[in-house]
Structures are given as C-alpha cells and as structure tokens.
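Residue-level listing of the chains:
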Amino acid sequence: MRLTNLFAFALATNVAVGSSNWFSKAAYNKWHETELERWLSDNDIPYPTPADRKDLENLIQKNWDNYAIAPYKNWDSDKLSAYLKTKGVEAKDAAASNKDSLVSQVQSSWYETEDKAQQAWTDTKGWFLDTWTDSTLKSFADKHGIPVPQPRKRDTLLQQIRSNYEKVAKKAGETAQYPGNWLYETWSESDLKEWLDTHGFPAPQPTTRDQLIATVRRNSRLAYLKSQQELDAASARTSAAYGTLTDKIIDAWGESQLKEFCDKNGITVPQGTKTNQLRALVRKHRAEILGDTVSGSAASAFGAATTKAGNQYAKATNDASLAAQEAFDKAVQTWSDSRLKAYLDARGVPVPQASKTDDLRALVRRNSHKVASGFNAWTWDDLSYENLKNYLINSGDSAAKKAGESASATRDDLVKAAQDAYASASSAGDGSYASATSYLAQATQSAKDSVFDTWSESELKSYLDSYGVQVPQGSTLNELKAEARKQSTYFKYGTSGPVDTAFAKIGESVKGAYQWVMGQLGAGANEAKQKAKNEL
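Now for a quick tour of the structure. Since this is a predicted model, take the numbers as computed values, not measurements.

1. What to know about the overall build of the protein
So, step 1. When its secondary structure is counted, the protein shows 26 helices and zero strands.
So, step 2. By residue count, 43% of the 536 residues in the protein fall in the buried class.
So, step 3. Across the protein, the fraction of contacts at a sequence separation of at least 24, relative to all contacts at a separation of at least 6, is 64%.
So, step 4. A total accessible area of about 27,100 Å² is found for the protein, and carbon and sulfur atoms account for 50% of it.

In structure tokens form, the structure reads like this:
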C-alpha cells in the first residue's frame, strides 16, 4: 500500500460541518445573571424583576435566534430588500409583498451560517474588539496597564488585549462574556457616536451615554460581519491586482511606476530604496498576497531535491510529506475561529484585525510547522480533571483554589480557572509562575501516553466541540478519545517533528513507516530548504 493511502486510511475521519446532536449549551447558559439581563435590556426585550436565572434563560432562548443568530428575521421588508441589493441580489417580484420570501433570500446570502454564529457567541473577545479604532484600543490598554511592545501596531494591540481581557475583567470584578459599560469607560460620547456613524447605525434619540453604549454593544456583531465583508472585497481587489502582475511586468517597470504601484497598494517604501530593491519589495508583497511563500517554494524544491538524490525512498518520502500536510489541512478545515486564534496565540503569531475564517486558516497553515512555544495558557487545555483540580487547589491563588474545591465545577470551568491563574502568575513572574510551569512540566510528562484516558464522554465531546468537530452519532468512547488525541496533537505540534506529531501517534505501523522514511531523507531535506531560501 502506498504511504499516501496508508496515511489517508489512518487519519481519515467522517467529519462534517454543521449542527451537532451533542452541541453544548448555548453561550448564554454560561453567562452571569447580570449579562442575561443586560442582553435582554439591550435588545428591548422586557423581563420581570425580580426574575430567577431560569426565567431569564428561557426568555433569551425564545428570542436568541431572531436577535443574536439571524437578526434579519426582525427586519422590515424595506430593510431586507436593501440588504439584498448590497449583496447584488435583486428581490424577486413575488417577494416584494412577501416578507417570508425576502427573509429566505437574505438567509441564503447572509454573512455567516447559524452554526458559525453560535460558535462566535461562545468567545466574544475574539471579535468584539475588532471594530474598535486604534486610539480606543490604545486607551483601553493604557487604562488597564496592558503592556504592548513598540511600535504599537493594531495587530499587536488586539493580541495583547485579548490575552489580558478576562484578567482585566476579573480584576475589576466585572463580567466579560457580554460585557457591561466598563468595557467602554475610555470612550467619550463622541467616540460612541462616531462608531455608530461609521458603521451605519442611527444613534438613539434622545441620547444618554448608557443608551449609546447599549446601541454599540447590541450592534457589534453585525458591524463586525459587515467589516469582514468589506475586508473580503478589498482582499479580492488586491489579489486581482497582484494576480496580473507578472515578473516580466515588474522587470519592465521603471522606478516611478514601481513607486506608484506601492502607493496604490499600501506598500511602505523606505527612504532611499533603489529600483532593484523596489522590484524585490513588490515581489515579496505579491508572494504574501497570493500565498506564494517560502513553504510553497520549499515543497517544490523538496520534491526536486529528493528526486535528484535518486534514492529509492524519495517517492515514498514525498508521499508521506504531502499526506502529513494534507491531513493537517483537513483537520484545520473544521476548526472554529476561536480554536484557530488559539493555535496562533499559542505560537505568538499576531492575528490581523478583522481576520475572516479563511484568513485564519491560511495563517494557521502558514505556521503549520511551528510547535507551540513552551508553556502557555493553552497547555492546560487537555489536562485531566484531576490534574486541573490538584493544580488549582495548590496554586496559592485564592480564586483558583475556590474553583478547584468546587464540587460542581465542570472541566471547562477548571480549564478557564487554570488559564486565568496562569496568566496572573505569568504577569507577576514570581514564585507562583515557577510553580505553575513546574507543575505543567510534571503533569504533561506523566500524561504523555495516557491523555484523555480518564475523560468522560461529555468532556470529550465538549473538547471536540471547541475544535468545531462534529462527532458522528453512535461514536464509541475509544473513538472519541482517538479523535481528541489527534486534534490535540495537531494543535500542539502542527506538522513538525515526526516523533511528536499525530503522524507518529496514529499507529505503530504508520509511525514506523513515517520515521523510517524521514530517517532516509536526511540531507535531501536540508538541501531542498537551502535551495528554496536561495531562490527567494
């Protein structure tokens, strides 16, 4: 059997994108009661006071779809028709007087699927901040003492704020999932009105600060989706511009034409740049935009080098390498936005502002060779329930200890508490940080071969849910564990290192074949990589 088929057989899973019959509770089920009331108030949905949590959740459940997942269902016919025009869709004549038909057309061309919308509300910090201006982001970072390396670029600002977001909320004694007015403390009323004007939402009349914040908060998801669409259109235009830019054209252009192209496409040209350097700069940006980067060149050179080497294992090696990359790409294709961002965060890779899912996947694929950097908050992600409890109880952090001693805490609750405690210890850099890293070293080493063995079915499904993986109905516990191990290994190691990757863990026969092939490669791979670098 060819190695490609062997890998495909060992790694293939019947994974589909869509709703799952074991889908975890909706995002609002984990919200604080004040967040439940806030969401209802923001959407002008009356609720009884006082009301117990169950009453609030039931009320949100009745309205969740029409306000959070598919807000267009509340639009009138004129607004539905206007939306369809922005998407280049002409409303059918028969639909002009039939709102249901308009809703159906809007649904088919809406920004995102309902499943993706559900996932987005489980991690609001992943998109809530994307529509903020650079100045409001900087003000937030300054107010809350969030260190941002110089130069303070937007991508770095967003990454640092997201990393510290829940820690800031916890320190202020505030909630973070559907945040209160504290999130906008650094915004002036003019900032709030400017945001509404920029994104096309009317300010409430008469206006109070609280009403402005509620309007901004309520419309943040829709503003984010609209900005994503605009970014997509801009990317398409840029790709089209670069797509027709051949090497011959670049070589034929003079200095003025090259500079004009750089100006139009936002390429920064350092003072004193020479003509040949300008051409190299344009080529570099073209490669980045079109995805023609070193990894692609290296893959091509890799094949050429191993073929040139002429040994009998070259073809098998190439098959194995391609199978490894294809298997990783297939797994990433199911990952949720929050999991994709977490993969990048665990490697210190900045996430560009307003990145859409395809952009995130491309960035993850571009960094597929990177191993997660040392210990980080995501190292707690696949520790057992008992390991998490032991750490929290003995961490020396009072809030963490309380979470660890809670009899009703779920594994997700413990992970969240451990990540928060680790973030605090990491910022402090004192003995608690050394203790945390020491505990992680011991726990991860002892769990190396037995990870997931003690997990319950519900814990495994919840874990896989965070990857956006749908579990086929009737899956056995062992099948769930195998899928969890695979996703975890991809998340930690990407496609790097045959000893520690999924391709070394899927079975002894495949592991042996893969390591044996990699052993035969040796100089061919190094030669290929060097050749790829020299060609760029």
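2. A short note on helix 8 (residues 154-171)
So, step 1. Counted at 1.5 Å a residue, the expected span for helix 8 with its 18 residues is 26 Å, and the 24 Å between its end C-alpha atoms agrees.
So, step 2. Of all the bends found along helix 8, the most pronounced is centred on N164 and spans about 45 degrees.
So, step 3. Across the 18 residues of helix 8, 13 count as buried, placing the element largely inside the fold.
So, step 4. A positive phi of about 70 degrees marks G173, the residue just after helix 8.

3. Considerations on the pattern of salt bridges
So, step 1. As enumerated under the stated definition, the model contains 16 salt bridges in all.
So, step 2. Note that K461 and E457 form a salt bridge whose closest N and O atoms lie 3.0 Å from each other. Highlighted residues: K461 and E457, both in helix 22 (residues 457-465), separated by four residues, approximately one helical turn.
So, step 3. Overlapping salt bridges, with partners in common, bring together D123, K125, E166 and K416 in one network.

4. Here's the deal with the packing of aromatic side chains
So, step 1. Per the counting criterion, the structure on display carries 36 aromatic pairs.
So, step 2. For the ring pair W127 and Y224, a centre distance of 6.2 Å and an interplane angle of 40 degrees mean the geometry is tilted. Of the two residues, W127 sits in the loop between helix 6 (114-120) and helix 7 (134-143) while Y224 sits in helix 10 (residues 209-243), which places them 97 residues apart along the sequence.
So, step 3. Residue W127 is classed as buried on the basis of its relative accessible area of 4%.
So, step 4. Aromatic pair Y343 and F491: ring centres 6.1 Å apart, planes at 80 degrees, arrangement edge-to-face.

5. Focus on unusual backbone geometry
So, step 1. A cis amide bond links T49 to the next residue, P50, at an omega of -5 degrees.
So, step 2. Mapped onto the elements, P50 comes out in the loop between helix 2 (33-42) and helix 3 (53-69).
So, step 3. The peptide bond linking Q205 to P206 adopts the cis configuration, its omega dihedral lying at -10 degrees.
So, step 4. Along the chain, the position of P206 falls in the loop between helix 9 (189-198) and helix 10.
So, step 5. Backbone geometry places D44, a non-glycine residue, at a positive phi of 55 degrees.

6. Points about the side chain of S368
So, step 1. Its place among the elements puts S368 in the loop between helix 17 (357-366) and helix 18 (385-393).
So, step 2. Of the polar contacts made by the side chain of S368, one reaches the backbone oxygen of R365; its length is 3.0 Å.

7. What to know about the nonpolar core
So, step 1. Among the nonpolar cores identified, the biggest contains 60 residues, and W31, W39, W64, W121 and Y184 are the most heavily contacted of them.
So, step 2. Ranked by residue count, the leading element in this core is helix 10, at seven residues.
So, step 3. When near neighbours in sequence (up to four residues on either side) are disregarded, W121 contacts A27, W31, W64, A68, I69, W127, Q177, Y178 and R221.
So, step 4. Within the second largest apolar cluster, 29 residues are counted, among which are V349, V364, Y467 and V469.

8. Section: the environment of Q228
So, step 1. Along the chain, Q228 turns up in helix 10.
So, step 2. Counting along the chain gives 125 residues from Q228 to Q353, while the straight-line C-alpha distance between them is 9.6 Å.
So, step 3. With sequence-adjacent residues up to four places away left out, Q228 is seen in contact with A354, S355 and K356.
So, step 4. Here the side chain of Q228 touches S355 through a polar contact of 3.1 Å, landing on its backbone oxygen.

9. Here we look at the environment of A68
So, step 1. Residue placement: A68 occurs in helix 3.
So, step 2. Not counting residues up to four positions away in its chain, the partners in contact with A68 are W39 and W121.

10. A look at the environment of S466
So, step 1. Locating S466 in the fold gives a position in the loop between helix 22 and helix 23 (477-493).
So, step 2. Between the alpha carbons of S466 and T122 there is a distance of 9.5 Å; along the sequence they are 344 residues apart.
So, step 3. Setting aside anything within four residues of it in sequence, one finds S466 in contact with S336 and R339.
So, step 4. A polar contact of 2.6 Å, which involves the side chain of S466, links it to the backbone oxygen of Y463.

The rules we used
Residues numbered from 1 in each chain as written. Predicted model: local features only at pLDDT ≥ 70, side-chain atom pairs only at ≥ 80, totals over all residues. Heavy atoms only, no water. Helix = DSSP H or I, 4+ residues; strand = E, 2+ residues; numbered from the N terminus. Buried < 20%, exposed > 50% of the residue type's maximum accessible area, 1.4 Å probe, protein only. Contact = heavy atoms within 4.5 Å. Areas by Shrake-Rupley, 256 points an atom, 1.4 Å probe, with all protein chains shown as cover. Expected span 1.5 Å × (residues − 1). Bend = angle between axes of the 7 residues up to and from the residue. Salt bridge = Lys/Arg side-chain N within 4 Å of Asp/Glu carboxyl O. Phe/Tyr/Trp six-rings, centres within 6.5 Å; stacked < 30°, edge-to-face > 60°. Polar contact = N/O pair within 3.5 Å; in protein donor to acceptor, adjacent residues only side chain to side chain. Core = buried A, V, L, I, M, F, W, Y, C linked by side-chain atoms within 4.5 Å.

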